[in-house]
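# Per-entry structural report
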Amino acid sequence: MHDFGYHRPASVADVAGLLASKGEAKVVAGGMTLIPTLKQRLASPSDLVDLAGIAELKGVKAEGGGITIGAMTTHAEVHRSAEVQKTIPALAQLAGGIGDPQVRNRGTIGGSVANSDPAADYPAAVLGLGATIRTNKREIKADDFFKGMFETALQDGEIITAIHFPKPEKAGYSKFPNPASRYAIVGVFVARTAGGVRAAVTGAGPCAFRSKELESALGGSFTPEAAKAVKLGADGFNTDLHATAAYRAHLISVMAARAVAAAS
Amino acid sequence: MPTVEMTVNGKRASAQVEGRTLLVQFLREKLGLTGTHIGCDTSQCGACVVHVDGRAVKSCTLLAVQANGASVTTIEGVANGETLHPMQEAFRDNHGLQCGFCTPGMVMTAIDLVTNNASPSEEEIRHGLEGNICRCTGYHNIVKAVKAGAAAMKG
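Now for a look at the structure at hand.

Moving on to the side chain of Thr21 of chain B. Residue and element names in this part refer to chain B. Tracing the backbone shows Thr21 in the loop between strand 2 (11-16) and helix 1 (23-30). On the basis of relative accessible area, Thr21 is assigned to the buried category, the value being 13%. Once you skip the residues sitting within four places of it in the chain, Thr21 turns out to touch Phe26, Leu63 and Ala64.

In C-alpha cells:
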C-alpha cells in the first residue's frame, strides 16, 4: 500500500471541502473493499477522507411509513435493528448475510451502494424496493442510480448521506452465495408494492438490474411457481470461474422462487 | 506522520504511524502484541480478529488511524491474570485447536458472537464463524468449544 494523507472530518460540508482541495482523494466508509484495494495497489489515492467521524450519517429511523438508513450504518446494525426487522424484515435478513461477521461490523450500506460491486447484496434491495438515494447534493431514484460495474450516478465530490426505503406489502431476498466470499453468485430481491411487483437481480450482470420478465410473471401471480416458470436466455450475463452465464440465468429463476417463498 | 492514541487491553497506547499502517501492524510491531496473527493478509482468514469498541473486526483490514481514539481488545487482554477466559478454557477442554495459528482469531470472534447471542445454536455458531478459517481441525471441535464457552460465559 502506498502512503496517503488521512482526514476524519466531523461534517458532510467538511468532506466536500476536502474532496475539492485534494486532487486524488478517496472517500472511505467501512473500508471493506477500499482497504484491500489499496493493499493490492489497485488504487493509490493522495488522501483518504474517512466518514466515520460524522454522527449525522449514522442510524436507522422510521420515516413516512418506511425507513431511512444513514450511509455509515453498518450491516450488523441494520441486521439487528428492531425498526428494520419490523418494517422490512427482508432487508434485515439480507444485511445479516453479507460477507462474514467482521465485515458486517465494519461495512456500511452507503459504502456498498456507492461501490456498486456487481455481486454485492444491497444494490438488489435498493432497486427491488425502489429506494431513494440521498446525497449531499440531491435525491436519486434507485432506477437511475446503478450505471455499470463499479459505476453509479454519483458525481465527483458527491457522497451518499442516507437511503430511504418505502415499506413494501411483502418482500423477500434469496442468494446463492460464493462459498468463500459470500458474495452473491446470483441474488434476487422481490417486492410486492402498491405500485406493482419489483424484482432486482445482483451477481449476474455488470451491476444490479431489474428483471422485466420476472416482474411481469410475478405481477400476474406472486408465487414461487410463477418465478420458476421464467426461463431466461444467457445473453448478457456474467461468466467467470464461479459460474457460466447459462448457470446464472437458471439461478435467477431459482433464487426468485426462493425469495417469493420467503417473502413476508 | 499522524499520531494515534488508543486504549489497548485497558492501557493507553500511543505512537506515530504512517497513514497506511494497518491496525495489526500497530499491535504487533509497535506494541509487541504478537498474539494477533497475520494469516492471509487479505481479509479472509480471520487470524487477525480483535475487538474495536467491543466489535470483532479483522485488524488487517483496518488502518491504525481508523482506530484512533478507540478501545481495542486483543487475545492478550481476555484472560484474568493466570485464569484463562472461559472461551479460552473451552477451546482447551474441547481440543478446539491443533496447530493453534487460527485460535486467537477464533476465540475473539467467538467471544463477540456469544456477547450478541448468549445461547447460540450449532447453526448460528457455524454462521458466526464464517469469517474464520482453520486448516487443521475440520471445525467440529471448534463449534463444540464455542458452545461450551457460551455456557461457561453465562455461569
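On to the nonpolar core. Formed by 39 residues in total, the largest nonpolar core has its most connected members in Val113, Phe165 and Phe189 of chain A. Looking at this core, the elements that each hand over two or more residues are strand 5 (66-70), helix 5 (89-95), helix 7 (109-115), helix 8 (122-128), strand 10 (160-165), strand 11 (170-177) and strand 12 (184-193) of chain A. Beyond its immediate sequence surroundings of up to four residues, Val113 of chain A is in contact with Tyr122, Val126, Ile133, Phe145, Phe146, Thr152, Ile160 and Ile163 of chain A. Counting residues in each nonpolar core, the second largest holds 33 residues, with Val4, Val17, Val57 and Leu63 of chain B among its members.

Glancing now at helix 1 of chain B. An α-helix turns once every 3.6 residues. As a result, residues three or four positions apart point the same way. Residue and element names in this part refer to chain B. Burial in helix 1 covers these residues: Leu23, Val24, Phe26 and Leu27. The buried residues of helix 1 all sit within an arc of 165° when viewed along its axis, so they share a single face. Downstream of helix 1 by one or two residues, Gly32 has phi in the positive range, about 70°.

Think of two packed helices as two axes; the pair is described by the angle between the axes and how far apart they sit. All names here are of chain B. The N-to-C vectors of helix 3 (residues 103-116) and helix 5 (residues 140-154) enclose an angle of 50°; their axes lie 10 Å apart at closest approach. If you check the angle between helix 3 and helix 5, you find them oblique. In this structure, helix 3 meets helix 5 at a crossing whose hand is right-handed. Touching Met106, Ala110, Ile111, Leu113, Val114 and Thr115 of helix 3 are Ile142, Val146, Ala150 and Met153, all from helix 5.

For the coordinates displayed, the defined rule picks out 18 salt bridges over all chains. Notably, a salt bridge pairs Glu5 of chain B with Arg12 of chain B, separated by 2.5 Å at the nearest N-O pair. Residue classification places Glu5 of chain B among the partly exposed positions, given a relative accessible area of 37%. Assessed through its relative accessible area of 61%, Arg12 of chain B is described here as exposed. Three or more residues joined by partner-sharing salt bridges are found here, namely Asp143, Arg198, Arg210, Lys212 and Glu215 of chain A.

Here is what the cut-offs are and how they apply
- Residues numbered from 1 in each chain as written.
- Chains lettered and ligands numbered in written order.
- Predicted model: local features only at pLDDT ≥ 70, side-chain atom pairs only at ≥ 80, totals over all residues.
- Heavy atoms only, no water.
- Helix = DSSP H or I, 4+ residues; strand = E, 2+ residues; numbered from the N terminus.
- Buried < 20%, exposed > 50% of the residue type's maximum accessible area, 1.4 Å probe, protein only.
- Contact = heavy atoms within 4.5 Å.
- Core = buried A, V, L, I, M, F, W, Y, C linked by side-chain atoms within 4.5 Å.
- Arc of directions from axis to C-beta.
- Axes fitted to C-alpha atoms, helices over the stretch in contact; angles between N-to-C directions.
- Parallel < 35°, antiparallel > 145°, perpendicular 65-115°, else oblique.
- Left-handed = near helix turned anticlockwise from the far one by under 90°.
- Salt bridge = Lys/Arg side-chain N within 4 Å of Asp/Glu carboxyl O.

Keep in mind these values describe shape, not function.
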